[in-house]
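# Structure assessment
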Amino acid sequence: MSAQKDHLTHYVIVRKDLPRGIQSAMLVHAAGESSPGNLAEGTYAVVLEVPDESALRAVKARLSLAQVALVPVYEPDAPFDGQLMALGLVPVRKEDVRRHLSSIPLLK
């Protein structure tokens, strides 16, 4: 196995429909909550985006069904009132989740 395949990737998935500041806060929150801490040197960070909450819920369901460890981030306060805002995946080998994430675009 090559050294590159030994690296972990820390994925965060956020909603595109959120204002940039809120989106950024949720991204940081999801990354922090899903990180076990003390990540190995060379761990990659990847941020993906989905159009809205409905799409994020579908991704969460798909990943949960595949038993991918993740942390959902909900916003309890108005105006979002409990909406799902982001997902942080516990760092994994890219090969282990590629088939579940390959259709989701990078955050732009």
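This paragraph deals with the pairing of strand 4 (residues 83-89). When you tally the buried positions in strand 4, you get six out of seven residues, the bulk of the element. Here strand 1 (residues 9-15) pairs with strand 4 via three bridges, running antiparallel. Note that in strand 4 the partner of Val-12 across the bridge is Gly-88. The pairing of strand 3 (residues 70-75) with strand 4 spans six bridges and is classified as antiparallel. When the sheet's bridge partners are listed, Val-73 is paired in strand 4 with Ala-86.

On to unusual backbone geometry. Residue Pro-79 follows Ala-78 across a cis peptide bond; omega there is 5°. Positive phi values are uncommon outside glycine, yet Asn-38 reaches one of about 50°. Here Asn-38 shows up in the loop between helix 2 (20-34) and strand 2 (44-50). The backbone of Asp-81 sits at a positive phi, close to 45°, despite the residue not being glycine. Judged by relative accessible area, which is 56%, Asp-81 ranks as exposed.

Another point: the side chain of Glu-75. Within the secondary structure layout, Glu-75 lies in strand 3. No salt bridge is formed by the buried Glu-75; its nearest oppositely charged neighbour, Arg-15, is found at 9.7 Å. A polar contact is formed between the side chain of Glu-75 and the backbone nitrogen of Asp-77, at a distance of 3.1 Å. Excluding anything up to four places from it in sequence, Glu-75 contacts Met-26, Phe-80, Asp-81, Gly-82, Gln-83 and Met-85.

A few words now on the pairing of strand 1. Across the seven residues that make up strand 1, a large majority, seven, are buried. Along strand 1, one buried face is formed by Thr-9, Tyr-11, Ile-13 and Arg-15 and the opposite face, lined by His-10, Val-12 and Val-14, is buried too. Bridging between strand 1 and strand 2 involves seven bridges; their strand directions are parallel. Bridged to Ile-13 within strand 2 is Leu-48. Between strand 1 and its parallel partner strand 2, the chain crosses via helix 2, and the hand of that crossover is right-handed.

Reading the values: rules and limits
Residues numbered from 1 in each chain as written. Predicted model: local features only at pLDDT ≥ 70, side-chain atom pairs only at ≥ 80, totals over all residues. Heavy atoms only, no water. Buried < 20%, exposed > 50% of the residue type's maximum accessible area, 1.4 Å probe, protein only. Helix = DSSP H or I, 4+ residues; strand = E, 2+ residues; numbered from the N terminus. Pairing = 2+ DSSP bridges. Lys, Arg positive; Asp, Glu negative; His and termini not counted. Salt bridge = Lys/Arg side-chain N within 4 Å of Asp/Glu carboxyl O. Polar contact = N/O pair within 3.5 Å; in protein donor to acceptor, adjacent residues only side chain to side chain. Contact = heavy atoms within 4.5 Å. Right-handed = clockwise from strand over helix to strand, strands pointing away.

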